[in-house]
Amino acid sequence: MTAGRPLRADAQRNRAALIAKAREVFDAGDFFDLRFDDFAQLAGVGVGTLYRHFPTREALAEAVYHEEIAALCERARHLQSALPAAEALAAFLRGMVDHMHAHQGLARTLATLMTSGSEPVAEGSRTLEEAVTGLIAAAANAGAIRDDVGPGTVMMALHGIGAAHDRPGWRAEADGVITLLLDGLRSAQTSDRGDPSAGRQRSGASWTEIGHSMGVT
């Protein structure tokens, strides 16, 4: 990510255009069919502009990844402010599955490009876990879920779901894992009340639609 003094307005627009086009191409799974120089033309900027912002494919992937994490964290904050705590947590987790399903190409491309650099991935995972921690803490404080399960357990479940994306029937199984996770998190006081997220009956909404889905991409 570019550090130092703020970019000029035109430089900010160019950088945003590069990231937006990269996200689109990554998602389609076409990035490895392109010469890196040709990507600049797709984004509507010069090759020099591309290399000033992103000297390598990996640098571009890191920028896309950071923006994805930022969007997910912003969605978590939005849900936490807009919904009861248990509903916010459930909507976020179900929205994560929506996001993974809708953006499998993006996830695969980022994973391939970032295999040699674990620190950006580790940093993003920590940032996302902080957002999940906030959702879990709010639900536990509200008495809606048990308070003896930490965010690491939830993150492990999400990582496992993502890692299994090539399994036949992945989507249905992923939804089932989230249902099991929510059932396991539900506190004894609320266990007889049903899923506070109405999660057992999926609306079929996309990540964008759940409230954005909640947003997760």
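Preceding this section is the structure that the text describes.
Overview of the structure. (Residues numbered from 1 in each chain as written. Predicted model: local features only at pLDDT ≥ 70, side-chain atom pairs only at ≥ 80, totals over all residues. Heavy atoms only, no water.)

### Notes on the packing of aromatic side chains
Step number 1: Summed over the entire model, instances satisfying the criterion amount to five aromatic pairs.
Step number 2: Plain terms: the ring middles of Phe-31 and Phe-36 are 6.4 Å apart, the flat faces sit at 80° to each other, and that makes the pair edge-to-face.
Step number 3: Members of the aromatic cluster, joined through ring pairs, are Phe-26, Phe-31, Phe-32, Phe-36, Phe-39 and Tyr-51.
Step number 4: Residue placement shows Arg-57 over the ring face of Phe-31; its charged tip is 4.9 Å from the ring centre. (Phe/Tyr/Trp six-rings, centres within 6.5 Å; stacked < 30°, edge-to-face > 60°. Lys NZ or Arg CZ within 6 Å of the ring centre and 35° of its normal.)

### Here's the deal with the nonpolar core
Step number 1: With 56 residues, the main nonpolar core has Phe-26, Phe-39, Phe-92 and Leu-93 as its most contacted residues.
Step number 2: For Phe-26, the contacting residues outside a window of four places in its chain are Phe-31, Leu-60, Ala-61, Val-64, Gly-105, Leu-106, Thr-109, Leu-110 and Leu-113. (Core = buried A, V, L, I, M, F, W, Y, C linked by side-chain atoms within 4.5 Å. Buried < 20%, exposed > 50% of the residue type's maximum accessible area, 1.4 Å probe, protein only. Contact = heavy atoms within 4.5 Å.)

### A few points about helix H5 (residues 85–102)
Step number 1: With 18 residues, H5 ought to run about 26 Å at 1.5 Å a step, and its terminal C-alpha atoms sit 25 Å apart, in line with that.
Step number 2: Taken across its 18 residues, H5 has 15 buried, putting it largely inside the fold. (Helix = DSSP H or I, 4+ residues; strand = E, 2+ residues; numbered from the N terminus. Expected span 1.5 Å × (residues − 1).)

### Re the pattern of salt bridges
Step number 1: One pass over the structure, following the stated rule, counts 10 salt bridges.
Step number 2: Here Arg-108 and Asp-166 are joined by a salt bridge, their closest N and O atoms 2.8 Å apart. Taken together, the residues Arg-108 in helix H6 (residues 104–113) and Asp-166 in the loop between helix H8 (151–163) and helix H9 (170–185) connect sequence positions 58 residues apart.
Step number 3: On the accessibility criterion, Arg-108 (35% relative accessible area) is partly exposed.
Step number 4: Note that Arg-171 and Asp-175 form a salt bridge whose closest N and O atoms lie 3.3 Å from each other. Within this pair, Arg-171 and its partner Asp-175 are both found in helix H9, separated by four residues, close to a single helical turn.
Step number 5: Take Asp-175: its relative accessible area is 13%, and that puts it in the buried class.
Step number 6: One continuous salt-bridge network, built from bridges that share partners, spans Asp-98, Arg-171 and Asp-175. (Salt bridge = Lys/Arg side-chain N within 4 Å of Asp/Glu carboxyl O.)

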